[in-house]
Amino acid sequence: MKKILSVLSGHREDIPPIWMMRQAGRHLPEYLEIRNTTTSFIDFCFSPEKASEVTLQPIHRYDMDAAILFADILLVPIALGRQVTFEKGVGPILNPISINDIKRLQKNTNVLKPVYETVKKVKKKLYKSKTLIGFCGAPWTVATYMLEGKGTTNKEKAKKFAYENPGATKDLLESLVEVSVEYLIKQAEAGAEVLQIFESWASDLSPSMFHDLIIKPTRNIIKLVRDSGVDVPIIGFPKNCGLSVLDYVEKTGISAIAASTEIPIKKLRSLIPENMAIQGNLDPLALRLGGKTLEYQVEEVLKNARGPHIFNLGHGVSPDVKIENIKAVINHIRTGNGNYV
Ligand code: CP3
């Protein structure tokens, strides 16, 4: 059985399988080369030829155990008729959604078809020992971008909207659930063998808000995906959510938990089902810094990860990470010897 699937089915592998969130991206010169052939990031995500090639780059460069589909969580708002653009140096820009807009959302999931083509193309070329991971953003995380109109640090506008307009918030989350379910099912049908739900903005919510904005919609997604007959493992990544991670594990129906950096994974292991895989949780800053800092932090993750473990970061690879250091982490894990710079 493929290493990642073995771990996700509850087995511990002596040498854990490895992949890294944002492993395909701007730290790779071969990514930039293809990326620079298309101005718009959205057009790039909707080009199966190019997107499939960059999905495979980390497999060729690093021999990662998994490839993650190259796309973005903000393609889903486009399938709800919203405009999304990415500006260099700024990030995503959306027209902030209003209560009236929420009432008038028009589903057009046909726009997502190129993504399934990407999945098929990757699957044809991927080595048999490697796993293809599909993904979507969780509804609240995607909603924060739709409500704020851009990436912000504290999500105050989105949270305020949710407090003041619970009905409209519920409607928005339900629309996102509906599109995300179709998106995940079709990725699995096209060949994705694992799915990950990115809840990048799970922090700073009260427990009752966490329940309404995160647990409920995520649980609905997983239930509806399962009802369709799709049985691939689903990894949940609720970033920086504190103790609510326990409720998330217990109540959403996820198959495995991706831990962000601050989570003591040894402690987490003692609090979740014994055979549930934990993915993570090396500090991305340590990966950027390299040297002894990185070596020590990799050791700590390996030492504290009990039971089924997929080695990953607590968040994504940043554009300034050195290729040599990613290689060193992988060698360290597989051979015991890293060559950190
Ligand atoms: O290797 C991979 O992880 C593959 C594909 C992938 C991307 N984005 C490509 C991307 C995945 C899984 C994502 C998920 C994603 N997108 C998340 C969840 C994970 C996380 O980082 O918290 C979020 C919040 C987004 C939204 C998003 N996309 C933002 C805020 C930005 C701009 C910030 C930035 O880093 O520039 C993006 C753009 C984006 N998505 C890039 C890549 C490689 C960089 C843009 C470029 O290459 O021009």
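Residues numbered from 1 in each chain as written. Predicted model: local features only at pLDDT ≥ 70, side-chain atom pairs only at ≥ 80, totals over all residues. Heavy atoms only, no water.

Draft legend 1. The arrangement of the overall build of the protein in detail. Broken down by element type, the protein carries 15 helices and nine strands. The C-alpha atoms of the protein give 19 Å as radius of gyration, which agrees with the globular expectation for 341 residues (20 Å, within 12%). Projecting the C-alpha coordinates of the protein onto the three principal axes gives extents of approximately 60 × 45 × 40 Å. Here the protein, with 341 residues, has 58% of them falling under the buried criterion. (Helix = DSSP H or I, 4+ residues; strand = E, 2+ residues; numbered from the N terminus. Rg over C-alpha atoms; globule rule 2.2 N^0.38 Å. Buried < 20%, exposed > 50% of the residue type's maximum accessible area, 1.4 Å probe, protein only.)

Draft legend 2. Fine view of the packing of helix α7 (residues 139-148) against helix α9 (residues 166-190). Where α7 meets α9, the axes come as close as 9 Å, and the angle between the chain directions of the two elements is 120°. Classed by the angle they form, the pair α7 and α9 counts as oblique. Viewed along their axes, α7 and α9 form a crossing whose handedness is right-handed. Contacts between α7 and α9 involve P139, W140, V142, A143, M146 and L147 from the first element and L172, L173, L176 and V177 from the second. Residue composition of the contact of α7 with α9, grouped by class: ten nonpolar, no polar and no charged. (Axes fitted to C-alpha atoms, helices over the stretch in contact; angles between N-to-C directions. Parallel < 35°, antiparallel > 145°, perpendicular 65-115°, else oblique. Left-handed = near helix turned anticlockwise from the far one by under 90°. Contact = heavy atoms within 4.5 Å. Nonpolar A, V, L, I, M, F, W, Y, C, P; charged D, E, K, R; others polar.)

Draft legend 3. Spatial organisation of the pattern of salt bridges. A complete count under the given rule lists 19 salt bridges for this structure. Of the charged contacts in the structure, one is a salt bridge between D63 and R334, with a shortest N-O distance of 3.1 Å. Separated by 271 residues along the polypeptide, D63 in the loop between α4 (48-62) and β1 (66-68) and R334 in helix α15 (residues 323-335) bring together distant segments of the chain. Taking the relative accessible area as the measure of exposure, D63 reaches 37% and is therefore partly exposed. Through salt bridges that share partners, D63, D65, K130 and R334 make up one connected network. (Salt bridge = Lys/Arg side-chain N within 4 Å of Asp/Glu carboxyl O.)

Draft legend 4. Fine view of the environment of D231. Tracing the chain through its elements places D231 in the loop between α10 (207-227) and β6 (234-238). For the pair D231 and E148, spaced 83 residues apart in the sequence, the C-alpha separation amounts to 34 Å.

Draft legend 5. Local environment of the sheet that holds strand β9 (residues 309-313). If you walk across this open sheet you meet the seven strands as β1-β4-β5-β6-β7-β8-β9, and the pairing is parallel. Strands at the two margins of the open sheet, each flanked by one partner only, are β1 and β9. Going across the sheet, the axis of each strand differs from the next one's by a mean of 25°, ignoring polarity. By the bridge criterion, two bridges tie β6 to strand β7 (residues 256-258) in an arrangement that is parallel. From the neighbouring strand, G236 faces β7, where its bridge partner is I257. (Pairing = 2+ DSSP bridges.)

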